[in-house]
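Given next are the chains, with one letter for each unit.
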Amino acid sequence: MNYIETHAHIYSSKFDSDRDQVIQAIREAGIERVYMPNVDVETIEAMLACEEKYPGLCIPMMGLHPCDVKEDFQEQLAIMEDWLNKRQFAAVGEIGLDLYWDKTFFEQQKEALKIQINWAKQRGLPIVLHCRVSMDETIAIVNEEHDGKLRGIFHCFTGTADQARQIIGMGFLLGIGGVATFKNGGLDQVIPEISLDHLVLETDAPYLAPVPFRGKRNSPAYLPIIAEKIGDYLGISKEEVALKTKQNALNLFSEIGS
């Protein structure tokens, strides 16, 4: 059984001491690809090094994370746009809005999001969206900027069924991760109302590990746990979840790494 991991920071320094062993465990778990969201200019080198060391498995994206939108965001975006002009990336991401940590640069976050959405539209790339405590605001901007072709993933979806329907109505997918296994995560009420056609699997490793590893370092090797929980909610096997979410992911992303 093969899985597609649509969102993992496998280049994170939290894996520096044992990355080879983690990659081995990922392969043994049946993970076929790991799509890596970029965070800022400083993470580009490590991300591309993972791509080079684990070709065909680790696939990079390019984007500025909303939590890293500061005074210098225009300079960071200029460097990233240059990278997008130089080579292929699977998506523009991780981009979006975040009202959880710091609201100081929220207006700049919105500006950066719109700029990066435009990059995706120009290049025919999907976008991967961070929307922590900003689901409605992110939906509003995506809807406003939508050209009828824009597509992507609302990463780490933890919203309501109504928000899910709005996202699906725009042609986007929902990224489901470890929160699906949390007792009070809320997704047990939402996933049964959503067709598997609109879901992809993710871990956000090294963050948000599923139960029974909650609070520890996360890994893409834990995707089968998430697939099994989604299957429980939908009354289907984890094999069916793996197959359909793999198809959804491959249909979305470019052919880089094929």
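This structure is a prediction, so every number in the text was calculated from the model and none was measured.

About the cut-offs
Residues numbered from 1 in each chain as written. Predicted model: local features only at pLDDT ≥ 70, side-chain atom pairs only at ≥ 80, totals over all residues. Heavy atoms only, no water. 1 Å grid on protein atoms, 1.4 Å probe; cavity = no way out; pocket = protein on both sides within 12 Å on 5 of 7 lines; lining within 4 Å. Points joined across faces, edges and corners; volume = space filled by probe spheres on them. Nonpolar A, V, L, I, M, F, W, Y, C, P; charged D, E, K, R; others polar. Phe/Tyr/Trp six-rings, centres within 6.5 Å; stacked < 30°, edge-to-face > 60°. Helix = DSSP H or I, 4+ residues; strand = E, 2+ residues; numbered from the N terminus. Buried < 20%, exposed > 50% of the residue type's maximum accessible area, 1.4 Å probe, protein only. Lys NZ or Arg CZ within 6 Å of the ring centre and 35° of its normal. Disulfide = S-S within 2.5 Å. Core = buried A, V, L, I, M, F, W, Y, C linked by side-chain atoms within 4.5 Å. Contact = heavy atoms within 4.5 Å. Pairing = 2+ DSSP bridges. Axes fitted to C-alpha atoms, helices over the stretch in contact; angles between N-to-C directions. Right-handed = clockwise from strand over helix to strand, strands pointing away.

**Comments concerning empty space enclosed by the protein**
Okay, step 1: Overall, the coordinates contain one cavity of 30 Å³ or more when judged by the stated rule.
Okay, step 2: Forming the walls of the largest cavity are Cys156, Phe157, Thr158, Gly177, Gly178, Val179, Leu187, Glu202, Thr203, Asp204 and Leu208.
Okay, step 3: Residues that form the lining of the largest cavity fall into these classes: five nonpolar, four polar and two charged.

**Looking at the packing of aromatic side chains**
Okay, step 1: Scanning the entire structure with this criterion turns up four aromatic pairs.
Okay, step 2: Between the aromatic rings of tyrosine 35 and phenylalanine 253, the centroid separation amounts to 3.9 Å while the plane-to-plane angle is 15°, which identifies the pairing as stacked. Taken together, the residues span a long stretch of sequence, with tyrosine 35 in strand S2 (residues 31-36) and phenylalanine 253 in the segment after helix H9 (238-252) at a distance of 218 residues.
Okay, step 3: Judged by relative accessible area, phenylalanine 253 falls into the buried class, the value being 3%.
Okay, step 4: A cation over a ring is seen here: lysine 86 above tryptophan 83, with NZ or CZ 3.9 Å from the ring centre.
Okay, step 5: The ring of tyrosine 100 carries the charged tip of arginine 132 above its face, separated from the ring centre by 3.5 Å.

**Quick look at the state of the cysteines**
Okay, step 1: Across all of its chains, the model carries zero disulfides by this definition.
Okay, step 2: Looking at cysteine 50, it has no disulfide partner, and the nearest cysteine sulfur is the one in cysteine 58, 5.3 Å off.

**Focus: the nonpolar core**
Okay, step 1: The biggest cluster of nonpolar side chains holds 74 residues, and the ones touching the most others in it are Ile10, Ile127, Phe154, Phe157, Phe172, Ile176 and Ile230.
Okay, step 2: In terms of residue count, the dominant contributor to this core is helix H4 (residues 106-123) (six residues).
Okay, step 3: If sequence neighbours within four positions are ignored, phenylalanine 157 has contacts with Met135, Gln163, Ala164, Ile167, Leu174, Gly175, Ile176, Leu187 and Val190.
Okay, step 4: The next biggest cluster of nonpolar side chains, apart from the first, holds 13 residues, and it includes Ala90, Ile153, Val200 and Ala249.

**Observations regarding the sheet that holds strand S1 (residues 3-5)**
Okay, step 1: With parallel pairing, three strands are arranged side by side in an open sheet as S1-S2-S3. In this open sheet, the two strands that pair with only one neighbour each are S1 and strand S3 (58-60). Here the average twist between neighbouring strands, direction ignored, is 20°.
Okay, step 2: Note that S1 and S2 share three bridges and pair parallel. Its bridge partner being in S2, isoleucine 4 is matched across the sheet by arginine 33.

**Looking at the layout of surface pockets**
Okay, step 1: Considered as a void within the structure, the largest pocket measures approximately 730 Å³ in volume.
Okay, step 2: Lining the largest pocket we find 29 residues, and of these His130, Arg132, Asp204, Tyr207 and Leu208 sit closest to its centre.
Okay, step 3: Going through the elements one at a time, strand S4 (92-98) and strand S5 (127-132) are the ones with two or more residues in the lining of the largest pocket.
Okay, step 4: Element by element, the count of residues in the lining of the largest pocket is highest for S5, at three residues.

**Considering the pairing of S2**
Okay, step 1: Counting buried residues along S2, five of its six residues qualify, which places the element largely inside the surrounding structure.
Okay, step 2: Viewed along the sheet, the connection from S1 through helix H1 (residues 19-28) into S2 turns out right-handed.
Okay, step 3: Strand direction decides the pairing type here: S2 and S3, joined by three bridges, are parallel. Each residue of the ladder has a partner; that of tyrosine 35, found in S3, is isoleucine 59.

Purely spatial values, then, with no claim about function.
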